[in-house]
Amino acid sequence: YEIAQCLVGSEMCIRDSASGLLYSFLVEFNLCISHRESGSTYHPALIKAIDYINNHYQSSITMEELCSHCGISKQHLCLLFRTMLHTRPMEYAAKRRIQVAKELLTGTSMTIEQIAAETGFCTASYFCKMFKRYEGITAVQFKRDFISTV
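Residues numbered from 1 in each chain as written. Predicted model: local features only at pLDDT ≥ 70, side-chain atom pairs only at ≥ 80, totals over all residues. Heavy atoms only, no water.

So, the side chain of Lys102
Argument step 1. Of note, Lys102 is situated in helix H5 (residues 89-107).
Argument step 2. In this structure Lys102 touches Phe131, Glu135 and Phe142, once residues within four positions along its chain are discounted. (Helix = DSSP H or I, 4+ residues; strand = E, 2+ residues; numbered from the N terminus. Contact = heavy atoms within 4.5 Å.)

Examining helix H8 (residues 139-149)
Because the α-helix completes a turn every 3.6 residues, residues three or four places apart line up on one side.
Argument step 1. When H8 is considered as a whole, its buried residues turn out to be Ala139, Phe142, Lys143, Phe146 and Thr149. Buried residues along H8 cover an arc of 140° about the axis, so they all sit on one side. Those residues of H8 that are exposed and aimed more than 90 degrees away from the buried face are Ile147 and Ser148. (Buried < 20%, exposed > 50% of the residue type's maximum accessible area, 1.4 Å probe, protein only. Arc of directions from axis to C-beta.)

As for the packing of aromatic side chains
Argument step 1. On inspection of all chains with the given rule, the structure shows 5 aromatic pairs.
Argument step 2. An angle of 65° between the planes, with centres 5.5 Å apart, marks the rings of Phe131 and Phe142 as edge-to-face. Here Phe131, found in helix H7 (residues 124-135), pairs with Phe142, found in helix H8; they are 11 residues apart in sequence, far enough to count as distant.
Argument step 3. These aromatic residues form a ring-pair network of at least three members: Phe121, Tyr126, Phe127, Phe131 and Phe142.
Argument step 4. Seen from the ring of Phe121, Arg97 lies directly overhead, with NZ or CZ sitting 5.9 Å from the centre. (Phe/Tyr/Trp six-rings, centres within 6.5 Å; stacked < 30°, edge-to-face > 60°. Lys NZ or Arg CZ within 6 Å of the ring centre and 35° of its normal.)

Looking at unusual backbone geometry
Backbone geometry follows two general trends: most residues other than glycine have a negative phi, and most peptide bonds adopt the trans configuration.
Argument step 1. Here His86, not a glycine, exhibits a phi torsion of approximately 60°, which is positive.
Argument step 2. With respect to the secondary-structure elements, His86 resides in the loop between helix H4 (74-85) and H5.

Comments concerning the nonpolar core
The tendency in soluble globular proteins is for nonpolar side chains to be buried side by side.
Argument step 1. One finds Leu46, Ile53, Leu66, Leu77, Phe81 and Leu85 to be the most contacted residues of the largest nonpolar core, which totals 20 residues.
Argument step 2. Broken down by secondary-structure element, the contributors of at least two residues to this core are helix H2 (44-56), helix H3 (63-70), H4 and H5.
Argument step 3. The residues contacting Phe81, other than those within four sequence positions of it, are Leu46, Ala49, Ile50, Ile53, His86, Thr87, Arg88, Pro89 and Tyr92.
Argument step 4. In terms of nonpolar packing, the next biggest core, distinct from the first, is built from 17 residues, Ile112, Ile115, Ala116 and Phe121 among them. (Core = buried A, V, L, I, M, F, W, Y, C linked by side-chain atoms within 4.5 Å.)

Things to note about the environment of Ala116
Argument step 1. You can see Ala116 is positioned in helix H6 (residues 112-118).
Argument step 2. C-alpha of Ala116 to C-alpha of Gln58: the two residues are 58 residues apart in sequence and 9.1 Å apart in space.
Argument step 3. Excluding anything up to four places from it in sequence, Ala116 contacts Phe121, Thr123, Ala124 and Phe127.

A closer look at the environment of Leu80
Argument step 1. The residue Leu80 is located in helix H4 in this model.
Argument step 2. Exposure remark for Leu80: the relative accessible area of 10% places this residue in the buried category.
Argument step 3. Not counting residues up to four positions away in its chain, the partners in contact with Leu80 are His43, Ala45, Leu46, Ile72 and Leu85.

See the structure below:
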């Protein structure tokens, strides 16, 4: 009976993790499709910013650095993110880092400190604060919940 409960719990945890990733993908996919159907496309600077964040999330990213890379002002970049993705550039970067951190928490034996460093957070404390803000539970609890259901 206990083994059956453990397996069900493990399946639930994996399903929750997969459904979260699927949801994120579907939201972004829906945005792409809705903009394509309406005849609009993503601004090239927005695409450059997203690519830059996705390729450099491991290091500290500043708005100045991002704007310089994209060749537009801070106000213009913020406007593009807000109108097209309904978020701010640095919030997008934080969410991307948290997404990668969740994969590392469940797929590796890395410590919280190592994951924080690997995902570009300046300290483990700040990583934990941001993880709690976006996921609703601490990174330690997230890892513990995953381990206890496997």
